[in-house]
Amino acid sequence: MDLYAAIKQMRELSDRQEPFSFSFMSCSTSTQDSRGIVDVRHARLRPRPHADGNRFAELLDTGEARRFYRPLLMIFNGQKVVLQ
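Cut-offs and rules
- Residues numbered from 1 in each chain as written.
- Predicted model: local features only at pLDDT ≥ 70, side-chain atom pairs only at ≥ 80, totals over all residues.
- Heavy atoms only, no water.
- Pairing = 2+ DSSP bridges.
- Helix = DSSP H or I, 4+ residues; strand = E, 2+ residues; numbered from the N terminus.
- Contact = heavy atoms within 4.5 Å.
- Axes fitted to C-alpha atoms, helices over the stretch in contact; angles between N-to-C directions.
- Buried < 20%, exposed > 50% of the residue type's maximum accessible area, 1.4 Å probe, protein only.
- Polar contact = N/O pair within 3.5 Å; in protein donor to acceptor, adjacent residues only side chain to side chain.
- Expected span 1.5 Å × (residues − 1).
- Arc of directions from axis to C-beta.

As paired elements, strand β1 (residues 20–25) and strand β2 (residues 37–43) share 5 bridges and run antiparallel to each other. Across the sheet, residue F22 finds its bridge partner in β2, namely V40.

The subject of this paragraph is the sheet that holds β1. Judged by pairing direction, the sheet is antiparallel, and its 4 strands sit side by side in the order β2-β1-β6-β7 without closing on themselves. The open sheet is flanked by β2 and β7 (79–80), the only strands paired with a single partner. Here strand β6 (residues 73–76) runs beside β7; their pairing, made up of 2 bridges, is antiparallel. By the bridge assignment for β7, I75 is matched with K80. This element, helix α1 (residues 3–15), spans β1 and β6 of the sheet and lies at about 55° to β6.

A few words now on the side chain of S14. Mapped onto the fold, S14 is located in helix α1. For S14, a relative accessible area of 7% translates into the label buried. Within polar-contact distance, the side chain of S14 engages the backbone oxygen of M10 at 2.8 Å. Excluding anything up to four places from it in sequence, S14 contacts F20, R44 and L45.

Turning our eyes to something else, we now look at α1. An α-helical turn contains 3.6 residues, so any two residues separated by three or four positions project in the same direction. The terminal C-alpha atoms of α1, which comprises 13 residues, lie 18 Å apart, in line with the 18 Å expected from a rise of 1.5 Å per residue. All buried positions along α1 are accounted for by L3, A6, I7, M10, L13 and S14. Buried residues of α1, seen end-on, are gathered within an arc of 125° and therefore sit on one face of the element. Exposed and oriented more than 90 degrees from the buried face of α1 are Y4, K8 and D15.

Take a look at the structure:
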């Protein structure tokens with residue numbers, strides 16, 4: 001599945017208040033390291049603040065506000081995600 005198609009589906013599911021699952025590679029630009037693959041089982045996107053300077057981040061509603069870099073998305077609802 002194409003990355004942009006996955007993000008579009010995430011937004012559509014979130015608009016309908018339906019959770020989805022995904023996995024991504026963690027990445028910290030401040031510490032220059034990764035903690036490996038992160039699996040999220042029940043998530044929904046939240047609107048991103050307009051003042052946010054990170055154009056790659058999406059906010060997640062998993063009970064906690066979290067972020068991930070879209071290009072590091074690996075799996076969406078069991079389907080492999082590719083950046084084309």
